[in-house]
Amino acid sequence: MTRIGVLALQGDVEEHIAALRRAGGDPFEVRNCADLAQADALVIPGGESTTVMKLLTRSALDRPIVERVHAGMPLWGTCMGMIVAARDVAGLEQSTLDLIDITVRRNAFGRQNESVEVELPIPALGEPPFRAIFIRAPWIERYGPKVERLAERNGRGVMVREGSVLATSFHPELSDDLRVHRYFLQMIVDSQAGKAPTAA
Ligand code: GLN
């Protein structure tokens, strides 16, 4: 079974572990480099992006994650994880891992949207629309040429993929719907079969 690491420095780790298990994966917590070495794929959950970037540097996990992703390890960032994986953050000098060629804006949907659930059409997942939960969510302001746009909310990008890197600004681990988790599991299977291009 595919061993999926969930970065467990801060954030909603338990919810992702439970959802990945229900979707048929073999998830476990990643806190250090030895854990990372056991992982076939990595999820960076929701949380607080500046805190997690500091903890990634302190635990010396930042470079090894970048190296593994460049070598083809599938990665999925949700909300804070999308910010950490992005190339850069609009209007802020915030360091990131630069794993997917997008510019994100933090807390972008406004104060009235601190937490909201919307019916989000995601053509790659088919019908019905996905009940997507957004919590102080980022949106995507710039897409690199190789980035596939999988979903938009109010004309703003909220789900993208580039090679083996997936990013969602909402929280599929908080819904009962497992389709995004299954989509990521399929990405892992495809990458192991050599079908997916690796992220540049
Ligand atoms: N607002 C958080 C940040 O900018 C992300 C929120 C989340 O992950 N739910 O880091």
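Treat the numbers as computed from the prediction; the structure is a model and nothing was measured.

Calculation criteria
Residues numbered from 1 in each chain as written. Predicted model: local features only at pLDDT ≥ 70, side-chain atom pairs only at ≥ 80, totals over all residues. Heavy atoms only, no water. Near = heavy atom within 4 Å. Polar contact = N/O pair within 3.5 Å; in protein donor to acceptor, adjacent residues only side chain to side chain. Areas by Shrake-Rupley, 256 points an atom, 1.4 Å probe, with all protein chains shown as cover. 1 Å grid on protein atoms, 1.4 Å probe; cavity = no way out; pocket = protein on both sides within 12 Å on 5 of 7 lines; lining within 4 Å. Sits in = over half its atoms within 2 Å of the grid points. Salt bridge = Lys/Arg side-chain N within 4 Å of Asp/Glu carboxyl O. Helix = DSSP H or I, 4+ residues; strand = E, 2+ residues; numbered from the N terminus. Buried < 20%, exposed > 50% of the residue type's maximum accessible area, 1.4 Å probe, protein only. Arc of directions from axis to C-beta. Contact = heavy atoms within 4.5 Å. Phe/Tyr/Trp six-rings, centres within 6.5 Å; stacked < 30°, edge-to-face > 60°. Points joined across faces, edges and corners; volume = space filled by probe spheres on them. Nonpolar A, V, L, I, M, F, W, Y, C, P; charged D, E, K, R; others polar. Expected span 1.5 Å × (residues − 1).

## Here's the deal with the site of the ligand
- Around the ligand, the neighbouring residues are G46, G47, E48, S49, C79, M80, I83, R106, N107, I135, R136 and H171.
- Backbone polar atom of S49 to an oxygen atom of the ligand: 2.7 Å apart, as the coordinates give it.
- In this structure, a nitrogen atom belonging to the ligand sits 2.6 Å away from a side-chain N or O atom of N107.
- For the ligand, the accessible surface in isolation is 300 Å², of which the surrounding protein chains cover 94%.
- In this structure the site holding the ligand corresponds to the largest pocket.

## A closer look at the pattern of salt bridges
- Following the criterion strictly, the structure yields 10 salt bridges and no others.
- Between R31 and E29 there is a salt bridge, with the nearest N and O atoms lying 2.3 Å from each other.
- The partner of E48 in a salt bridge is R106, with the nearest N and O atoms 2.6 Å apart. With E48 in the loop between β3 (41-44) and α3 (49-58) and R106 in the loop between β6 (100-105) and β7 (115-120), the pair connects residues that are 58 residues apart, well separated along the chain.
- Three or more residues joined by partner-sharing salt bridges are found here, namely R87, D98, D101 and R142.

## Some words on helix α4 (residues 62-70)
- Here α4 has its buried residues at D62, I65, V66 and V69. When α4 is viewed along its axis, its buried side chains cluster within an angular range of 100° and face the same direction. Turned more than 90 degrees away from the buried face of α4 sit R63 and E67, all of them exposed.
- Buried residues in α4 make contact with β1 (3-7), α2 (33-37), β3, α3, β4 (75-78) and β12 (165-168).
- Backbone geometry just after α4 places G72 at a positive phi near 110°.

## With respect to the packing of aromatic side chains
- Taken as a whole and judged by the stated rule, the model has five aromatic pairs.
- Look at F109 and W139: their rings are 5.1 Å apart centre to centre, the planes differ by 85°, and that puts the pair in the edge-to-face class. Within this pair, whereas F109 is found in the loop between β6 and β7, its partner W139 is found in strand β9 (residues 139-143), the two being separated by 30 residues in sequence.
- Overall, F109 belongs to the buried group, its relative accessible area being 8%.

## Remarks on the environment of T96
- In this structure, T96 sits in the loop between β5 (86-89) and β6.
- With sequence-adjacent residues up to four places away left out, T96 is seen in contact with M53, I83, V84, A86, R87, D88 and V89.
- Within the structure, T96 has its side chain in polar contact with the backbone oxygen of R87 (distance 2.9 Å).

## Examining the layout of surface pockets
- Taken as a whole, the largest pocket encloses approximately 200 Å³ of empty space.
- Of the residues assigned to the lining of the largest pocket, the class counts are four nonpolar, five polar and four charged.

## So, helix α6 (residues 179-192)
- End to end, α6 covers 20 Å across 14 residues, agreeing with the expected 20 Å (1.5 Å per residue, within 8%).
- Counting buried positions over the 14 residues of α6 gives 10, a clear majority of the element.
- For α6, the complete set of buried residues consists of R179, V180, H181, Y183, F184, L185, M187, I188, D190 and S191.

## Re the side chain of T96
- On the accessibility criterion, T96 (17% relative accessible area) is buried.
- At a separation of 2.8 Å, a polar atom in the side chain of T96 contacts the main-chain carbonyl oxygen of A86.

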